[in-house]
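# Coordinate analysis (summary)
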Amino acid sequence: MPDFALEVQDLGKTYRATRGRLGRDTGVIRAIDHLSFAVPRGAIFGLLGPNGAGKTTLLKILSTLLRPTSGRVSIEGIDALAKPLDVRRRIATVIQETAVEMFLSVRDNLLTFARFHGIDSDEARRRAGRVIELFGLGGELERKVQDLSGGFRRRVQVAKAFMVNTPVLFLDEFSTGMDPILKRSVMESLREENSRGRTIVLTTQILSEAEELCDDILILNKGRQVARGNMNDLKLLSQGMYELVLTFDVLPARIEAEIAALNPIRSHVSGNTIELSVKTEDAGAIELVGRLAKLGRVLHVEIRGASLEDIFVELTSNG
Amino acid sequence: MAAMTAMLYRESKIRATNVTFMFWDFLYPLFNLLVFGVGLTAAFGSPHSTEGVDYNSFFLAGVLGMASFAIASNSAWSFFLDRDNGIFYEMLTYPMSRAEYLLGKLVFNIGIAVVQAALTIGVGAAVLGISLRFDLFGALVAGIVIGTAGWFFFYTILALKIRRNDVFNSVTSALYFVFLFFSSMFYPLTPLPKLLRWVAMANPLTWEIDLLRYGSIGLGHPRQLLIETAGFVAFAIACFAFAIHSLHQE
């Protein structure tokens, strides 16, 4: 049995870019650029990156929807380019767009999906019972999906992935449209699935989600790897990066100019509170707080290490 | 095989929820026979002009051909629905090959075409008194099966290559006119002007209808039918190969 659930070697994907009604060729877009990585079995692996970073393209290649221009991909030790069907037998995929059988009931959506994965009808009904409860779909079982709200449709789509026991599960921004309670419950279920040995690969824009779920993260930008590791590894990349939070009794008049002069990674002003992420030396952070405190009366101060969001912004904004 | 069974299950579940589709698939061709066929028989019903049989008998194969053509076009249109619902791309990640995906859909369509043909033939014989050649039913069934397959794969290529629903509808409307009227569906080819006759003879729909006409009422020349059938099988295989290629490019 291979040690890795996923292995990607020197992967590349380019598109011809066209413009105008006649489709004038304007060059090559490099969506994935010489990417190599491996994901151990049983990991929860997060793919992070800004819009257009190549996350969805990468997931499409991994789930055999798209052929790469160059490089190799293997899933559970199987070459995805040579044996895509064998790979499909080992994966379940939640794509980014809502993907449901609109004209079928919620129950039939679950049962049909199970049938495609070769699960017999008795077993499918048994599993459907558990999934229906988990996703709170009991009240909508016989309703056609076209009559449900966008959030419920997404719920049905994600629920389908829990009907099967494939060793690898791909989730492209799974929590889109979910309310916080359901999201929490799905995240808990993902951890449960993972504890049974299932490898989970997810993309997300919600960094707290990745921070909470993933034990291994790859940050992509412009189709290239810009960072890789667990949260501790990534936090090491943020040495000298701090989040400062200051609450004034009255917001000083010159505060915005002062913040701009600090050249923060990001900043946010809300009421009398300012939040900013800065890159500086240890002593420098305290010095900065002192400099800002001179502008007015400070009621509350916090100095924190960088969050995943700070690291993400820092890494992906440097191009 | 499991994937094809699952596809059959899925298609039947979806189709059962749409009464309009059921009308088009089962009843529309029959209404054509009952209204158009009966009307033309009454107006121009000389057996001399339709190769020695009455117009209803002659038109029966045309209606069966029209049905397989329409079922294929309706079914290919469902690719647009699946694309809009996102399920098309998700299904491409299911554990089935691209060939199984298409063949599963085809088996369902063949089932519809066979039921529709049984209905049309039954009503044609019982109500219009069409005299059937039961000894040639093997050819009739073969015509229905390969006819439905060929047109389904043909329309699948169009549905996969044309990304816009409205463009697909315009193209299929134009093709409907060309394929149906430049064929042996409504009239025998012998009296047609030479150019029209050549075009009709090169039309795969003519090849299919000629086989159906032979299988239903025994009209046609076996040698010519053999060539036409081989031609249609080649057309169906080529369309199948190209449809799979198009599916791989999605």
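See the structure printed just above.
Residues numbered from 1 in each chain as written. Chains lettered and ligands numbered in written order. Predicted model: local features only at pLDDT ≥ 70, side-chain atom pairs only at ≥ 80, totals over all residues.

## As for the overall build of chain B
Regarding its fold elements, chain B presents 10 helices and zero strands. Since a compact globule built from 250 residues should have a radius of gyration of about 18 Å, the 18 Å found for chain B is in line with a globular shape. Once the C-alpha set of chain B is aligned to its principal axes, its extents read approximately 55 × 35 × 35 Å. For chain B, with 250 residues in total, the buried portion stands at 45%. A fraction of 78% describes how many contacts in chain B between residues 6 or more apart in sequence connect residues 24 or more apart. (Helix = DSSP H or I, 4+ residues; strand = E, 2+ residues; numbered from the N terminus. Rg over C-alpha atoms; globule rule 2.2 N^0.38 Å. Buried ≥ 20, exposed ≤ 12 C-beta atoms within 10 Å, placed from the backbone. Contact = placed C-beta atoms within 7 Å.)

## Thoughts on the overall build of chain A
A count of helical and extended segments in chain A gives 11 helices and 14 strands. A principal-axis box enclosing the C-alpha atoms of chain A has dimensions of 70 × 50 × 50 Å. Here chain A holds 319 residues, and the buried ones make up 39% of them. Here the contacts in chain A between residues at least 6 apart in sequence split such that 72% fall between residues at least 24 apart.

## What about the interface of chain B and chain A?
Taken together, the contact between chain B and chain A spans 20 residues of the former and 23 residues of the latter. Elements supplying a minimum of two residues to the side of chain B that touches chain A: α1 (2-16) and α4 (87-91) of chain B. Among the elements that line the side of chain B that touches chain A, the one with the most residues is α1(B), at seven residues. Per-class residue counts for the side of chain B that touches chain A are 11 nonpolar, six polar and three charged. (Nonpolar A, V, L, I, M, F, W, Y, C, P; charged D, E, K, R; others polar.)

## Some words on the sheet that holds strand β7 (residues 168-172) of chain A
Residue and element names in this part refer to chain A. Ordered in space as β6-β7-β8-β3-β9-β10, the six strands form an open sheet in which the pairing is mixed. The two strands at the open ends of the sheet, each matched to only one other strand, are β6 (91-94) and β10 (224-229). This sheet shows a mean twist of 15° between the axes of neighbouring strands, independent of strand direction. Bridge count for strand β3 (residues 44-48) against strand β9 (residues 216-221) is four bridges, and the pairing is parallel. The residue of β9 that forms the bridge with glycine 46 is isoleucine 217. Against the sheet, helix α11 (residues 308-317) engages β3, β9 and β10, with an angle of about 35° to β9. (Pairing = 2+ DSSP bridges. Axes fitted to C-alpha atoms, helices over the stretch in contact; angles between N-to-C directions.)

## Examining the pairing of strand β13 (residues 273-279) of chain A
All names here are of chain A. By the bridge criterion, seven bridges tie strand β11 (residues 241-248) to β13 in an arrangement that is antiparallel. Bridged to threonine 247 within β13 is threonine 273. Where strand β12 (residues 266-270) and β13 come together, five bridges link them in antiparallel fashion. What sits directly across from serine 267, in β13, is leucine 276. Hairpin connection from β12 to β13: two residues lie between these consecutive antiparallel strands, with glycine 271 at a positive phi of about 60°.

## Some remarks on the nonpolar core
Counting 151 residues, the largest nonpolar core has A:Leu62, A:Ile75, A:Phe170, A:Val201 and B:Phe153 as its most contacted members. The biggest single contributor to this core is helix α3 (residues 55-84) of chain B, with 15 residues. Each residue touching A:Phe170, except ones within four places of it in the same chain, is listed here: A:Leu59, A:Leu62, A:Ser63, A:Ile91, A:Thr93, A:Val94 and A:Val201. (Core = buried A, V, L, I, M, F, W, Y, C linked by C-beta atoms within 7 Å.)

## So, the pairing of β7(A)
All names here are of chain A. Counting buried positions over the five residues of β7 gives five, a clear majority of the element. Neither face of β7 is open: one carries Val168, Phe170 and Asp172, the other Leu169 and Leu171, and all of them are buried. The pairing of β6 with β7 spans four bridges and is parallel. By the bridge assignment, valine 94 is partnered in β7 with leucine 171. Relative to strand β8 (residues 199-204), β7 runs parallel, the two sharing five bridges. Looking at the pairing, phenylalanine 170 lines up with valine 201 of β8. Handedness of the β7-helix α6 (residues 180-195)-β8 crossover: right-handed. (Right-handed = clockwise from strand over helix to strand, strands pointing away.)

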